[in-house]
Amino acid sequence: MSNTSTPRIGFLGLGALGTLIAWHNRALQPLALPRQPQSITPRRLIDRDGIAHDFDLPSWDGTDLDWLIVTTKAGDTLTALTPWQAQLPAVKRIVLLQNGMGQHEQCASWLQQQKSACELWAAISTEGAYRSSSGDRPEVVYAGSGSTLLGKLHPQDTIEPAVVPLPAGFSLCDDIQQPMREKLAINAVINPLTGLYLCPNGELLQQPEYRQHLLQLAGEVDAFFAHQQWPLAAPLTERAVAVATATAANRSSTLQDILAGRPTELAWICGYLLQCADEAGYSLPITAKLYQQLQTDSVR
Ligand SMILES: NC(=O)c1ccc[n+]([C@@H]2O[C@H](COP(=O)([O-])OP(=O)(O)OC[C@H]3O[C@@H](n4cnc5c(N)ncnc54)[C@H](OP(=O)(O)O)[C@@H]3O)[C@@H](O)[C@H]2O)c1
């Protein structure tokens, strides 16, 4: 780690969320780990007032990094990290800032195989951003402000906040698995259903058939979380109704991915839950049917 209180930060996956987080950290002169060799990565962020901000991220030169923030989609994590394998000894901490679960453990195993001393952290964000059609440089719209929590992957690992200079906009969380699971639970209800019915979140409550499906699915996921002793702050049926109401006009990331013909992250949401259920000898028939229905060539 560098000795100053100014952390050196690199970004791998400068899409919607990565560009937004890099912009929050622009005073720290963040670096890019681009897919193709290039000296700078130009980005434009349209802020909440509609004002455009152009900024350039110089490419990482392989010197010490305090944080490498990975903001690819969950399924691209290892493909994105692998080309940088030889430079990883210069990285103190990798942070996976992504939705979904399962990729963290995969990454931990991969780091272990590399005999890497790099610490693995996880972060979860309620910020919202999307990529827009670009003019002369790739453009990201800041759609909704939120918070970003950061913690070591395994809660038993101690954190010494005083000696860890955090990236801007991040707050330390003692047990990051808890907010990750809260997000997993809600995503396991809203995302596949909006993908199945190809509708915005609020429509899941308006159509009686969709609403019934939402309540049954939320009940199934809630019961599985209880079985796994993964406590949720509120019953998932209530929470799913509240989230669908509060975000009625929003299109879930799964719906956006399906409409754009991109792979979804459902393997890291429903697929992860089904794998945990299988290991626990537990059955999730509604989730399994939905996941199967949504398994197309574009779904990993
Ligand atoms: N967007 C949000 O509001 C938001 C909010 C909370 C959480 N999240 C989560 O954050 C993660 C990222 O989401 P996003 O919306 O930012 O996705 P995104 O816009 O698709 O960005 C992903 C970025 O990763 C890049 N990438 C993929 N493979 C790569 C590789 N091998 N090497 C280097 N870069 C690579 C992509 O590059 P290309 O453009 O070249 O494909 C893209 O720029 C997801 O897990 C998502 O669920 C997003």
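No experiment lies behind these values; they were computed from the predicted model shown. (Residues numbered from 1 in each chain as written. Predicted model: local features only at pLDDT ≥ 70, side-chain atom pairs only at ≥ 80, totals over all residues. Heavy atoms only, no water.)

### A short note on the sheet that holds strand S4 (residues 52–58)
- The four strands are arranged S4-S3-S9-S8 in an open sheet whose pairing can be described as mixed. Since the sheet does not close on itself, it has two edges, and those belong to S4 and strand S8 (128–132), each with one partner. Within the sheet, the average angular offset between the axes of one strand and its neighbour, ignoring direction, is 30°.
- Inspection of the sheet shows strand S3 (residues 40–46) paired to strand S9 (residues 139–144) by three bridges, in the parallel sense. Pairing of Arg44 across the sheet is with Glu139, part of S9.
- Across the sheet, helix H1 (residues 16–24) is in contact with S3, S4, S8 and S9; its angle to S8 comes to roughly 115°. (Pairing = 2+ DSSP bridges. Helix = DSSP H or I, 4+ residues; strand = E, 2+ residues; numbered from the N terminus. Axes fitted to C-alpha atoms, helices over the stretch in contact; angles between N-to-C directions. Contact = heavy atoms within 4.5 Å.)

### Points about the nonpolar core
- In this structure, Leu68, Ile94 and Leu273 are the most contacted members of the largest nonpolar core, which totals 65 residues.
- Each of two domains, domain 1 (9–174) and domain 2 (179–293), supplies a minimum of three residues to this core.
- In this structure, Ile94 is in contact with Leu68, Val70, Leu81, Leu88, Leu111, Cys118, Glu119, Leu120 and Trp121, ignoring residues within four places of it in sequence.
- With 22 residues, the next largest nonpolar core counts Ile9, Ala123, Tyr142 and Phe170 among its residues. (Core = buried A, V, L, I, M, F, W, Y, C linked by side-chain atoms within 4.5 Å. Buried < 20%, exposed > 50% of the residue type's maximum accessible area, 1.4 Å probe, protein only. Domains from an automatic or database assignment.)

### Notes on the UniProt feature "domain: Ketopantoate reductase C-terminal" (unreviewed entry) in the protein
- Per the UniProt annotation, the sites labelled "domain: Ketopantoate reductase C-terminal" (unreviewed entry) are residues 175–295.
- In this annotation, residues 175–295 is assigned 69% helix and 0% strand; the end-to-end C-alpha distance for the span is 32 Å. (UniProt positions renumbered as here; feature names shortened; annotations may be inferred.)

### Quick word on the pairing of strand S1 (residues 9–12)
- Burial along S1 is two-sided: the residues Ile9 and Phe11 and Gly10 and Leu12 are all buried.
- Relative to strand S5 (residues 67–70), S1 runs parallel, the two being bridged by four bridges. The residue bridging Gly10 from the neighbouring strand is Leu68, located in S5.
- In this structure, S1 lies alongside strand S2 (residues 31–32), joined through two bridges in parallel fashion. In the sheet register, Phe11 faces S2, and the bridge partner there is Ala32.

### Observations concerning the pattern of salt bridges
- Taken as a whole and assessed by the stated rule, the structure comprises 11 salt bridges.
- Residue Asp54 is joined to Arg137 by a salt bridge in which the shortest nitrogen-to-oxygen separation is 3.8 Å. With Asp54 in strand S4 and Arg137 in the loop between S8 and S9, the pair connects residues that are 83 residues apart, well separated along the chain.
- Given the relative accessible area of 45%, Asp54 is considered partly exposed.
- Two residues, Lys73 and Asp257, come together in a salt bridge whose shortest N-O distance is 3.1 Å. Note that Lys73 is positioned in the loop between S5 and helix H2 (77–81) and Asp257 in helix H8 (residues 253–259), a separation of 184 residues in sequence.
- A relative accessible area of 33% means that Lys73 is categorised as partly exposed.
- In this structure Asp257 comes out as buried when scored by relative accessible area, which is 1%.
- Here the salt bridges do not stand alone but share partners, grouping Arg44, Asp54, Asp56, Asp136, Arg137 and Glu139 into one network. (Salt bridge = Lys/Arg side-chain N within 4 Å of Asp/Glu carboxyl O.)

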